[in-house]
Structure formats: structure tokens, C-alpha cells
Amino acid sequence: MKVEQQQHTNNKQLVVLGGGISGTGAALLGAQKGYDVFLSDGGTLSSAFAKALQEQSIPYESGRHSDEKILIANLIVKSPGIPDNAPMILEAKAKGIEVVSEIEFAARFTEEKIIAVTGSNGKTTVTSLIDHLLTVAGIEHTTGGNIGKSFAQQVYEGKSAYRLLEVSSFQLDGISSFKPHIAILLNITPDHLDRYEYQFDKYVASKMRITMNQNENDFLIYNTDDPAITKAIKNANIKAQLIPFSMEKELERGAYLHNNKININTHNSIFTMPTEQISIKGKHNTANAMAASTTAKLLQIRKETIRQSLTSFEGVEHRLENVLKINKVQYINDSKATNVNATYYALDSMEQPTVWIVGGVDKGNNYKDLYSLVNRKVKAIVCLGTDNSKIVEAFGNCVEQMVETSNMEDAVRVAYKLATAGDNVLLSPACASFDLFQNYEDRGRQFKNAVRGL
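Keep in mind it's a predicted model, so treat the numbers as computed, not measured.

> Hey, could you run me through the overall build of the protein in this one?
In terms of regular secondary structure, the protein is built from 18 helices and 20 strands. Principal-axis analysis of the C-alpha atoms gives the protein an extent of 65 × 55 × 40 Å. Across the 454 residues that make up the protein, the buried fraction comes to 57%. Carbon and sulfur atoms make up 46% of the accessible area of the protein, which totals about 19600 Å². Of the charged side chains in the protein, 48 are positive and 50 negative; the average position of the first set lies 4 Å away from that of the second.

> Whenever I open this one, the packing of aromatic side chains confuses me. Can you help?
Two measures describe an aromatic ring pair: the distance that separates the ring centres and the angle between the ring planes. In the structure shown here, the tally under the stated rule is eight aromatic pairs. Ring centres of Phe105 and Phe109 lie 5.3 Å apart, and the angle between their planes is 75 degrees; this geometry places the pair in the edge-to-face category. For the pair formed by Phe105 and Phe109, the shared burial category is buried. Between Trp356 and Phe395 the ring centres are 5.2 Å apart and the planes differ by 75 degrees, which places this aromatic pair in the edge-to-face class. Here Phe395 lies in helix α16 (residues 389-395) and Trp356 lies in strand β17 (residues 354-358), a separation of 39 residues in the sequence. Residue class for Trp356 comes out buried when judged on its relative accessible area of 0%.

> Please explain the environment of Gly282 as it appears in this structure.
By the element assignment, Gly282 lies in the loop between β14 (269-274) and α12 (283-298). By relative accessible area, which is 28% here, Gly282 ends up partly exposed.

> Honestly, the environment of Val374 in this entry has me stumped. Any pointers?
Mapped onto the fold, Val374 is located in helix α15 (residues 371-377). For Val374, a relative accessible area of 0% puts it in the buried group. A sequence separation of 18 residues divides Val374 from Trp356, and the C-alpha atoms of the two residues are 9.0 Å apart. Those residues in contact with Val374 that lie beyond four places of it in its chain are Leu347, Trp356, Ile381, Phe395, Cys398 and Val399.

> Honestly, the sheet that holds strand β20 (residues 424-427) in this entry has me stumped. Any pointers?
Pairing between the strands of a sheet comes from backbone hydrogen bonds, and it takes one of two forms, parallel or antiparallel. With mixed pairing, the six strands of this open sheet are ordered in space as β15-β16-β20-β17-β18-β19. Only two strands of the sheet have a single partner each, and these edge strands are β15 (321-326) and β19 (401-405). Across the sheet, the axes of successive neighbouring strands diverge by a mean angle of 20 degrees, strand direction being ignored. Sheet topology places strand β18 (residues 378-384) next to β19; five bridges connect them, and they run parallel. By the bridge assignment for β19, Ala380 is matched with Gln401. The strands that helix α18 (residues 440-452) touches are β15, β16 (329-333), β17 and β20; relative to β15, the one it contacts most, it runs at about 15 degrees.

> Help me understand the sheet that holds strand β3 (residues 60-62) in this model?
Read across the sheet, five strands follow the order β3-β2-β1-β4-β5 without closing on themselves; strand pairing throughout is parallel. Two strands bound the open sheet, and with one partner strand each, they are β3 and β5 (98-101). Strand-to-strand twist across the sheet, computed as the mean angle between neighbouring axes with direction ignored, equals 20 degrees. Packing of helix α2 (residues 21-32) onto the sheet brings it into contact with β1 (13-17), β2 (36-41) and β4 (75-78), and relative to β2 it is tilted by some 165 degrees. Each of β1, β4 and β5 touches helix α5 (residues 87-94); the most contacted strand, β5, lies at about 130 degrees to it.

> Hey, could you run me through the nonpolar core in this one?
In globular proteins that are soluble, nonpolar side chains generally tend to be buried together. Counting 49 residues, the largest nonpolar core has Leu14, Val16, Phe105, Phe151, Val167, Phe178 and Leu220 as the members making the most contacts within it. With residues near it in sequence (within four places) discarded, Phe151 still touches Glu102, Ile103, Ala106, Ala107, Thr110, Ile114, Gly145, Arg163, Leu165 and Phe178. Within the second largest apolar cluster, 36 residues are counted, among which are Leu129, Phe219, Ala287 and Ala289.

The rules we used
Sequence order as written defines the numbering, with residues in each chain counted from 1. Residues qualify for local features only when their pLDDT is at least 70, as the model is predicted, and side-chain atom pairs are given and counted only at 80 or more; totals for whole chains, interfaces and linings, by contrast, use all residues. Heavy atoms throughout the structure, all of them, feed into the side-chain values; hydrogens and water do not. Put simply, DSSP H or I for four residues or longer makes a helix, DSSP E for two residues or longer makes a strand, and each gets a number counted from the N terminus. Buried means the residue's accessible area, taken with a 1.4 Å probe over protein chains only, is under 20% of the maximum for its type, while exposed means over 50%, and partly exposed covers the values in between. Surface exposure here means Shrake-Rupley accessible area, sampled with a 1.4 Å probe, where a residue is shielded only by the protein chains that are shown. In summary, the charge assignment counts Lys and Arg as positive and Asp and Glu as negative, without counting His or the chain termini. For this purpose, a charge sits on NZ of Lys, CZ of Arg, CG of Asp or CD of Glu. Aromatic rings from Phe, Tyr and Trp, taking only the six-membered ring of Trp, are treated as a pair when their centres fall within 6.5 Å; an angle between ring planes under 30 degrees marks them as stacked, one over 60 as edge-to-face, and anything in between as tilted. Whether two residues touch is decided by their heavy atoms; if any such pair falls within 4.5 Å, the residues are in contact. Whether two strands pair comes down to DSSP finding at least two bridges between them. Working convention: axes come from line fits to C-alpha atoms, limited for helices to the stretch in contact. Angles between N-to-C directions cover 0 to 180 degrees. To qualify as a nonpolar core, a set must consist of buried Ala, Val, Leu, Ile, Met, Phe, Trp, Tyr and Cys residues joined through side-chain atoms within 4.5 Å.

So this is what it looks like as C-alpha cells:
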């Protein structure tokens, strides 16, 4: 173990706040590394996570946060769902207790190369596509982070050549030494502004933390078409090698689109591939494919392997996922679209008149960017949420038919009645799911079940 890591484990009291995927992973890793671990979850712990903790004799509590057990910690690992301004966190910091995210904690116990993907939209698709590229190339790696297994769980389970991680702004907020060898920054559009005091600049700064510990041997792949990213890069002192990608202009180095082909120039060699051969469709997915295959090029994966991977990749569940065609109407599950920008991509890719199911927990959304698309593409709107007032207000004048619903079965049944042969029914909520569903996966599964039950 490195000396630096040894220092981290001299102070033995570790408290993990939140007993979900990341919290349980952090608790297991902490116990393995010799910490006295206590896990505290304000809600209900799932039976699987409780069992994992019991098997390793890790004490825990659920349904409350006990000050006397938490504030004796030397180190707190905080769930991404707990905001930095939560009273318990402010109290811990005031006492001088270090508070970090689970990806920061895990990074302290691994020297493996990290590939980290972030962005407001597309990060799951890009992470999954890079995973597919590495698998086809036969490169040893683990995949997870904000999806699948937590980083801490991966480190707990053993070594690997590469760690591929999807990382969120909430996870990046809690890092101090986390350092990806390859960082990928896809886009930054207003999202989660409720966690950033409704200040877009604070959200941008959070995303830019992905590169803060990189050095000249590392790479930052970034979307040079994104004004927020280009401005942030100009104003930051970035040490990593900058590798841009663009859908709009030709680049000397990096990835760009020309004559309906993606071109990637790194290591003085060029990879080209017609966009029509890429399995995932839509302009946003061409950009996603560029980001993923630029990563593959930097890892010196063979061109033929990259080509084969881009042709065979099947996409991500809950992201523009074709569910069924019923009476010549295509039902599409885009439950993962939890913000306006993601829904923009979804509506932009619709080529048939669309009945749009939208709504949920509004995160400070500004819907005006969708008006022209809704006017052109959407024939009817089905609202799905406990409070639909903002959507009714935003789109009431855009469509002739708008129906409010408060559960998925009703929403799908109404959409079925509104759609005619040749139409699409698109679930693309542009909102978080927590008013009616456990998460966006639960929302997507309920949509698919309701469609299958028609």
C-alpha cells in the first residue's frame, strides 16, 4: 500500500451516510481497509444491502441519523443524494471532519487507470459504448460509478487494468484527489440547478472538477461545440492534453464530422467511419459515438475493433428504447430523459407525429428551448405528474390536445387513444421521477409494462 494511503487509514473512524449502492460499497471497502465503519441511512435500507453489511459485521442504522454516532468520525463518505448544505454535513465540516464522495474514497485505494465520463446528457450511453469497445477489444476493466456497481464496490472486489466510471456532478463535488487518466466531458446544460442555488456557473464549475487533478500525461476529451465547456476551458488552468470533438467544424486534432463520416485524428493516425454504419441513430448519438471512439483511439484499440463495436452496440435501456409497435404506433421509452436537453434530443429525432408523455419533479426547467420542436413534432401531450401546472402553462398553446394523468397506466391508455397509425408515443419526461416512481428505471419499466398490457 502506498504511504499516502497508509496515512488515510491511521484515523480509523469512518461514517458512511446513505445506504444505497455507493454507501454500501464504501462501507465494505472501508471495513476491508481497516476502518471502524458505521453506516447511517435516513430512509429504509434494502434487504440486499442490509445483508451485505451484516455478513461483514458492519454496524448500521436506518430511519434516522444519530449525531452521537456520526460526529465522532474522522472521515465521512456521503451519498450523492445528500446535499452539501444538509445540516448534518455542515455540522460535521464545522467540527473539522473530512467529508468526501464515494468515488473520492475509492480512488484512494487504487492506482489503476480511470476513465471517467460526465455531462448533463449522454453519459450512460457513452459509458456503455466504451464498455462495449473495451469488451470487444478484450481489455480488462470494470464499469460502474453512477450506473451499475459503485467504484468502491469494484475496488473492494479486486484489481483490474482499467476502471470505467460514469460520474455525476454530485459525485464530483466531493472529490479532492480523484484523477482520471481519460476524462470525457460531453455537454453542460442547465440541470440539477436546485442543488446549485439556481446558478448555472456553479453547476459548470462542478462538472469541470473532473479535470482538476489531471496532469500532462492525462487526456480531457470535450465537446468543443458546447459554449459553456469552451468558456470554462478558456478560463481554467487545465494541465491535461485537450482532445476536442465537434459536430460542426473540422478539427486538426480530435474528432469531427465531415461528409457524413466521423473522422478521429489522434497519435497522427486517422480513423474514419460513415455515420450510417453506427448502430445508434440521431445526431446526439453521432456525437456520443465520437466521444467513445476517441477514447478507444487514445487506448490504441485497433480501428477494425472500433468499427465492429460501433456497428454492434445495442444502446441503453430507457434511452430512446423502442418498446413495441401496436396498431402501427411505435411506443418509445426515453425515461432516462430527466432534463429538458435530453428531451430536446428525443423530440428532435422523432420523424413521425408524436404523442408526448411528459412530467415529474421539475428541477428548475426552462421549457422554451422545446417550443419549436413541440410545434413541429408533437400532436398531443399527456402530462404525468403530481403537479403538472408548469407543463400546462408552458405548452398549453402549442398543441390542441393536452390531458393530465397521475399514474403510468392512465398515461399510456390516454396516449393509446390519442395516437393513430403511423404515430409515435414517446415517454420523455424532461423531469425527475421521484413524485410517482422510485427512479427513472422504475418509471421506464412501468411504461413498458403498461404498453405490453394494452
